Amino acid sequence: MSEEKNDLNAPAAPAAGPDNRADAPQDPPLYEGLKLPDGILFDETSLDAFKTLSQEIGLSLEQVQKLVDFEGHFLRQGVSEEENQKQQIWENWGKQTKEMYGPDFEEAVSLAVRAADAFGGPELRQLLETTGLGNHPVIVRTFNEIGKRISEDSFPGGKSSALQDKTFAEALYGKNN
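Residues numbered from 1 in each chain as written. Predicted model: local features only at pLDDT ≥ 70, side-chain atom pairs only at ≥ 80, totals over all residues. Heavy atoms only, no water.

**Comments concerning the overall build of the protein chain**
Applied cut-off: Counting from the N terminus, the helices are DSSP H or I runs at least four residues long and the strands are E runs at least two residues long. By definition in these notes, contact holds between two residues if any of their heavy atoms fall within 4.5 Å.
Within the protein chain, the secondary structure is distributed over five helices and zero strands. Along the protein chain, from the amino end to the carboxyl end, the secondary structure elements read α-α-α-α-α. Taking the intrachain contacts of the protein chain between residues at least 6 apart in sequence as the baseline, contacts between residues at least 24 apart amount to 67%.

See the structure below:
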């Protein structure tokens, strides 16, 4: 009888097949045809890691698609909740600003808007609107104060002290000189 010897410490012989050749074709893209949910952005690195893991544990394209759709549902739900929270914060800022100015609210906001437009232009106005900061009491108060300081000086019932049809010399020295 012959004894067969099994050496467990010997390196395993490479498996025969096309993958061990230098001219082996590249692996096809993992889960080609996978559809990502509309409106949801997935980090490319994380998505590639997910695909690799899914392949390692032997998931089919259909199984991976179900998992991606499931995750997309929760991402959408999280975005929706976050948007609702932001909207609530913006509304609370608006209420605080209205309470701060009371009956002078419209005038205060109008002056603040003019100041923001004068110094920041449409870009600042868009930033304040898209971030909701245009409702924040501190922002409104700040721009309202700026607006007051850049307004033309006037006395109640009097004329504006702004220069009107004067030459530069008349503005400096008066008309009599």
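Here the narrative resumes, following the displayed structure.
**Observations regarding the confidence of the model for the protein chain**
What counts, and what does not: Confidence of the predictor at the level of single residues is given by pLDDT, which spans 0 to 100.
Counting all residues, the mean pLDDT for the protein chain is 78, and 69% of those residues have values of 70 or more. Here residues 2–26 is modelled with pLDDT under 50, and outside its nearest four sequence neighbours on either side it reaches four contacts, counting other chains as well.

**Structural notes on the nonpolar core**
Heads up, the rule is: For this analysis, a nonpolar core means a set of buried residues of the types Ala, Val, Leu, Ile, Met, Phe, Trp, Tyr and Cys, connected via side-chain atoms within 4.5 Å. Each residue's exposure class comes from its accessible area (1.4 Å probe, protein chains only) as a fraction of the maximum for that residue type: buried when under 20%, exposed when over 50%, partly exposed otherwise.
Residues Tyr101, Phe105, Ala108, Ala112, Ala115, Ala116, Leu124, Leu128, Val140 and Phe143 constitute the largest nonpolar core, which totals ten residues. Listed by contribution, the elements that provide at least two residues to this core are helix 3 (105–131) and helix 4 (137–150). Broken down by element, this core gets its largest block of residues, seven residues, from helix 3.

**Regarding the environment of phenylalanine 119**
By secondary structure assignment, the location of phenylalanine 119 is in helix 3. Spatially, the C-alpha atom of phenylalanine 119 lies 9.6 Å from that of isoleucine 146, the residues being 27 residues apart in sequence. Residues in contact with phenylalanine 119, not counting those within four places in the same chain, are Ile146 and Ile150.

**With respect to the packing of helix 2 (residues 61–101) against helix 4**
Formally: For helices, the axis comes from a line fit to the C-alpha atoms of the stretch in contact; other axes are also lines fit to C-alpha atoms, and the angle between any two N-to-C directions lies between 0 and 180 degrees. Here roughly perpendicular refers to angles of 65 to 115 degrees, roughly parallel to angles under 35, roughly antiparallel to angles over 145, and oblique to all remaining angles. Polar here means any residue other than Ala, Val, Leu, Ile, Met, Phe, Trp, Tyr, Cys and Pro, which are nonpolar, and Asp, Glu, Lys and Arg, which are charged; Gly is therefore polar.
For the pair helix 2 and helix 4, the least separation of the axes is 8 Å and the interaxial angle reads 45°. What the angle tells us is that helix 2 and helix 4 run oblique. Judged by residue contacts, Trp93, Gln96, Thr97, Met100 and Tyr101 of helix 2 engage Pro137, Val140, Arg141 and Asn144 from helix 4. Here the residues of the contact of helix 2 with helix 4 sort into five nonpolar, three polar and one charged.

**Re the packing of aromatic side chains**
Where we set the bar: Aromatic rings from Phe, Tyr and Trp, with only the six-membered ring used for Trp, were paired whenever their centres fell within 6.5 Å, and each pair was classed as stacked if the ring planes differed by under 30 degrees, edge-to-face if by over 60, and tilted otherwise.
Under the criterion given, the structure shown has one aromatic pair. For the pair phenylalanine 70 and phenylalanine 74, a centre-to-centre distance of 4.8 Å together with 70° between the ring planes defines the contact as edge-to-face. You can see phenylalanine 70 and its partner phenylalanine 74 sitting in helix 2, four residues apart, about one turn around the helix.

**Quick look at a nonpolar patch on the surface**
Defined as follows: Patches here are clusters of residues that have more than 30% relative accessible area and form no salt bridge, with a 9 Å joining cutoff for like charges and a 5 Å cutoff for nonpolar side chains (Val, Leu, Ile, Met, Phe, Trp, Tyr). Surface accessibility follows the Shrake-Rupley procedure with a 1.4 Å probe radius. Residue values consider only the protein chains on display as shielding. In the sections that follow, a salt bridge refers to a side-chain nitrogen of Lys or Arg positioned within 4 Å of a carboxyl oxygen of Asp or Glu.
A cluster of nonpolar side chains, contributed by Phe119, Ile146 and Ile150, occupies part of the molecular surface with about 290 Å² of accessible area. As for its placement among the helices and strands, isoleucine 150 is situated in helix 4.

**Quick word on the packing of helix 2 against helix 3**
Helix-helix packing: each pair is described by the crossing angle between the helix axes and the interaxial distance. Note the following rule: Handedness of a helix crossing follows the sense of rotation of the near helix relative to the far helix, less than a right angle counterclockwise being left-handed and clockwise being right-handed.
In the contact formed by helix 2 and helix 3, the axes pass within 12 Å of each other and the chain directions differ by 150°. Here helix 3 runs roughly antiparallel to helix 2, going by the angle between their axes. Along this stretch, helix 2 crosses helix 3, giving a crossing that reads as right-handed. Each of Trp90, Thr97, Lys98 and Tyr101 in helix 2 lies in contact with helix 3, whose residues at this interface are Phe105, Ala108, Thr130 and Thr131. Of the residues contributing to the contact of helix 2 with helix 3, the split by class is four nonpolar, three polar and one charged.

**Re the pattern of salt bridges**
Enumeration over the complete set of coordinates arrives at five salt bridges. Close ionic contact of arginine 125 with glutamate 129 constitutes a salt bridge, the shortest N to O distance being 3.7 Å. Of the two residues, arginine 125 and glutamate 129 both sit in helix 3, four residues apart, roughly one turn of that helix. What makes arginine 125 partly exposed here is its relative accessible area of 32%. Between glutamate 145 and arginine 149 there is a salt bridge; the shortest N-O distance is 3.4 Å. Here glutamate 145 pairs with arginine 149, and both are found in helix 4, just four residues apart, close to one helical turn. For arginine 149, a relative accessible area of 66% puts it in the exposed group. Within the structure, one salt-bridge network assembled from shared partners comprises Asp117, Arg125 and Glu129.

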